[in-house]
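# A closer look at the structure
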Amino acid sequence: MPRALVTGITGQDGQHLAELLHGEGYEVFGMVKGQNNPRIAGVLEEFPFIEPVSGDLADLSSLVKAVEVAAPDEVYNLGAVSFVAYSFSHAELTADISGLGVLRMLDAVRMVGGATNNPIRFYQASTSEMFGEVREVPQTELTPYHPRSPYGCAKVFGHYITMNYRESYDMFACSGILFNHEGPRRGLEFVTRKITNAVARIKLGLQDELVLGNLDAKRDWGYAGDYVRAMWLMLQHDTPEDFVIATGETHTIREFLDLAFAEVGIDDWSPFVRQDPKFLRPAEVDLLIGDASKAKEKLGWVPEVSFPDLVSMMVTHDLEHEAAKAHLHD
Ligand code: NAP
Ligand code: GDD
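Residues numbered from 1 in each chain as written. Chains lettered and ligands numbered in written order. Predicted model: local features only at pLDDT ≥ 70, side-chain atom pairs only at ≥ 80, totals over all residues. Heavy atoms only, no water.

## Digging into the packing of aromatic side chains
- For the structure on display, the rule yields twelve aromatic pairs.
- A ring pair is formed by phenylalanine 261 and phenylalanine 272, whose centres lie 5.9 Å apart and whose planes are at 15°; its orientation type is stacked. You can see phenylalanine 261 sitting in helix 9 (residues 253-263) and its partner phenylalanine 272 sitting in the loop between helix 9 and strand 15 (273-275), a full eleven residues away along the chain.
- Residue phenylalanine 261 is classed as buried on the basis of its relative accessible area, which comes to 0%.
- Grouped by ring-pair contacts, the aromatic residues Phe131, Tyr145, Tyr160 and Phe179 constitute a single cluster. (Phe/Tyr/Trp six-rings, centres within 6.5 Å; stacked < 30°, edge-to-face > 60°. Helix = DSSP H or I, 4+ residues; strand = E, 2+ residues; numbered from the N terminus. Buried < 20%, exposed > 50% of the residue type's maximum accessible area, 1.4 Å probe, protein only.)

Below, the structure written as C-alpha cells:
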C-alpha cells in the first residue's frame, strides 16, 4: 500500500487530496499543526481513514519527526498561510510558513530520505499568484514572475527552492502552478465562498447585504476536486517537472456575482452588494488566465467542472448548509 504525507490536511485541498489518495489505495497521513487544532476533529469525522501526525512548517525537527513517522512514498506540501489579504498584515509569518516552510519540508524529506530504490517524491503547492502583474497572457510555465503580495513573494521562494533542490540533490521534487480553485470546502475568507455563502443567506432571509472590495479583478477559477487530481498525476509522471494547472478561461468577480445570484432567482444583485475600500489590497492582481497545455499533453489532465457548474455547486451546497444550520437554531 503506498503511503502519502499531506501537509495542510485541514485546508480545502488537503481534504480533496486525502479523498483522492484514499480512493487510489494510499495510506494517508495528515500533518496537523498545534497542540489542540480546532479543525482536525471535523476533518477526521468526515475522513476517518486519515492518520494524523503532528508537525508545524515553522519547526524543522517536527517535520523530520512527521516524515519519520509517516515513512511516505510521496509528500504533498499544501500547508501555507494562503490568504493573500492576510499576508499583507502578516508578511513575516507568511514568509516563514509559505516560503521558508517549503525549505524546511524539503530538508526533512532529504534528511529522512526513503529507500534508495524508492526516494520520496515531493509536491510543492505553487500558485498563479506568483505571476502577479502578468508579463504575458495567458500565463505558462515559462512566464516570468512579478508577485504583488507577501504571499506571492513567499511562494516564488518556495517554487525556486523546490527547483533548486531538484537540480542540486537529484530529488523528485516538482511544483504545480495552480490557478484559483474553489468548491464547497473553500474557506469563507475567499471571494467565491464569501459570495456563495452570502447569496444563500440572503435567499434564506438570514442576511441582507454582501460587502466586497474590487469587483473588476479577473480570475481563472476551476474546481478543487479536478486540481488535486493534477497534483497526484505530477507525482506519478516519469520525471519531476513543473506544470501550470488552469481552465484557460477568465471571469470577473462581477460575472461570478451574476451567476451566483441568478442561481437563487435574483437577476439584479446591485441592491444587495456594497463595495468597501477596506477590502481593497495595497497591490492587486488584475488578471489571471492560465495555459495548461503542458499538463494536458504530458499528464492527460483536463478540468471537468465548468465555471457555471462550479458556481451552481457552491450555491447549492451553501443553501443546504445554511438552511440546516438555521433549522438547528429554530
Ligand atoms: P487553505 O484551505 O488555506 O489551507 C491551508 C492549510 O495550511 C491549512 O490546513 C492550515 O492548517 C495549514 N497551515 C497553516 N499554517 C501552517 C503551519 N505553520 N504548519 C503546517 N500547516 C499549516 O489552502 P488551500 O486552498 O487548501 O490551498 C492549499 C495550498 O495550495 C496552499 O499552499 C495554497 O497556498 C496553495 N494554492 C491554493 C490555491 C487555491 O486556489 N486554493 C491556488 C494555488 C495555490 P490549520 O487549519 O491548522 O491552520
Ligand atoms: N477575499 C476577498 N474578499 N477577495 C475579494 C473581495 C472580498 O471581499 N472583494 C473582491 N475581492 C477580490 C480580490 O481583491 C481578488 O482580486 C479576488 O477577489 C480573489 O480574491 P481571493 O478569493 O481572496 O483569492 P486570491 O486570488 O487573492 O488568492 C487565491 O488564489 C491564489 C491563486 O491565484 C488563494 O487561494 C491563494 O492561496 C492562491 O494562491
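And the narrative resumes.
## Section: the site of ligand 1
- Around ligand 1, 27 residues are found, and the nearest of them are Thr10, Asn37, Arg39, Ser82 and Tyr151.
- Arginine 39 places a polar side-chain atom, nitrogen or oxygen, 2.8 Å from an oxygen atom of ligand 1.
- At 3.1 Å, a side-chain N or O of arginine 186 approaches a nitrogen atom of ligand 1.
- Taken by itself ligand 1 offers 900 Å² of open surface, and the protein chains cover 90% of this.
- Breaking the shell around ligand 1 down by element, the ones donating at least two residues are helix 1 (12-23), strand 7 (121-127) and helix 6 (150-169).
- For the shell around ligand 1, the element with the highest residue contribution is strand 7, accounting for three residues.
- Split into classes, the residues belonging to the shell around ligand 1 amount to ten nonpolar, eleven polar and six charged. (Near = heavy atom within 4 Å. Polar contact = N/O pair within 3.5 Å; in protein donor to acceptor, adjacent residues only side chain to side chain. Areas by Shrake-Rupley, 256 points an atom, 1.4 Å probe, with all protein chains shown as cover. Nonpolar A, V, L, I, M, F, W, Y, C, P; charged D, E, K, R; others polar.)

## A look at the site of ligand 2
- As a structural note, the neighbourhood of ligand 2 is formed by 23 residues, with Thr127, Ser128, Tyr151, Arg281 and Glu284 the closest of them.
- Note that an oxygen atom of ligand 2 is positioned 2.6 Å from one of the backbone N or O atoms of serine 82.
- Asparagine 180 places a side-chain nitrogen or oxygen 2.7 Å from an oxygen atom of ligand 2.
- Across the complex, the protein chains shield 96% of the 720 Å² of accessible surface that ligand 2 would expose by itself.
- Classifying every residue of the shell around ligand 2 gives ten nonpolar, six polar and seven charged.
- Structurally, the shell around ligand 2 is a two-domain feature, drawing no fewer than three residues from each of domain 1 (3-182 + 222-245) and domain 2 (191-219 + 250-287 + 308-329). (Domains from an automatic or database assignment.)

## Looking at the domain arrangement of the chain
- For the chain, the assigned domains are domain 1 (3-182 + 222-245) and domain 2 (191-219 + 250-287 + 308-329).
- Opposite the 14 residues of domain 1 that make contact, domain 2 presents eleven residues.
- Across the domain 1/domain 2 interface, buried area totals approximately 1,100 Å², and carbon plus sulfur atoms make up 64% of it.
- By the criterion of area lost to domain 2, the three top residues of domain 1 are Phe88, Arg148 and Glu182, representing 42% of everything that side buries.
- At the surface where domain 1 touches domain 2, the tally comes to zero salt bridges.
- If you look at where domain 1 meets domain 2, you find two residue pairs in polar contact (both at pLDDT 80 or more).
- Mapped by element, the contributors of at least two residues to the side of domain 1 that touches domain 2 are helix 4 (84-89) and strand 12 (222-223). (Contact = heavy atoms within 4.5 Å. Buried area = accessible area lost by both parts, 1.4 Å probe. Salt bridge = Lys/Arg side-chain N within 4 Å of Asp/Glu carboxyl O.)

## Observations regarding the sheet that holds strand 1 (residues 3-7)
- Reading across the sheet, the seven strands line up as 3-2-1-4-7-8-13 and stay open at both edges, with parallel pairing between neighbours. Looking at which strands have only one partner, the edges of the open sheet turn out to be strand 3 (51-54) and strand 13 (243-245). Adjacent strand axes in the sheet meet at a mean angle of 25°, parallel and antiparallel pairs treated alike.
- Judged from the three bridges that link them, strand 8 (residues 172-178) and strand 13 form a sheet pairing that is parallel. The residue of strand 13 that forms the bridge with isoleucine 177 is valine 244.
- Each of strand 7 and strand 8 is contacted by helix 6, which is oriented at about 150° to strand 7, the strand it contacts most.
- Contacts between helix 8 (residues 224-236) and the sheet are confined to strand 4 (74-77), strand 7, strand 8 and strand 13, with strand 8 contributing the most and set at about 155° to the helix. (Pairing = 2+ DSSP bridges. Axes fitted to C-alpha atoms, helices over the stretch in contact; angles between N-to-C directions.)

## Quick look at the pairing of strand 3
- One ladder, built from four bridges, connects strand 2 (residues 27-32) with strand 3; its direction is parallel. Across the sheet, valine 32 pairs through a bridge with serine 54, a residue of strand 3.
- Taking the sense of rotation as the criterion, the β-α-β connection linking strand 2, helix 2 (residues 40-46) and strand 3 turns out right-handed. (Right-handed = clockwise from strand over helix to strand, strands pointing away.)

## Here's the deal with the packing of helix 7 (residues 191-203) against helix 11 (residues 307-328)
- Put simply, helix 7 and helix 11 touch, their axes get as near as 8 Å, and they point 50° apart. Relative to helix 11, the element helix 7 lies oblique. Once helix 7 is placed against helix 11, the crossing between them reads as right-handed. Of the residues in helix 11, those in contact with Thr192, Arg193, Thr196, Asn197, Val199, Ala200, Arg201 and Lys203 of helix 7 are Val311, Met314, Val315, His317, Asp318, Leu319, His321 and Glu322.
- In terms of residue class, the contact of helix 7 with helix 11 is made up of six nonpolar, five polar and five charged. (Parallel < 35°, antiparallel > 145°, perpendicular 65-115°, else oblique. Left-handed = near helix turned anticlockwise from the far one by under 90°.)

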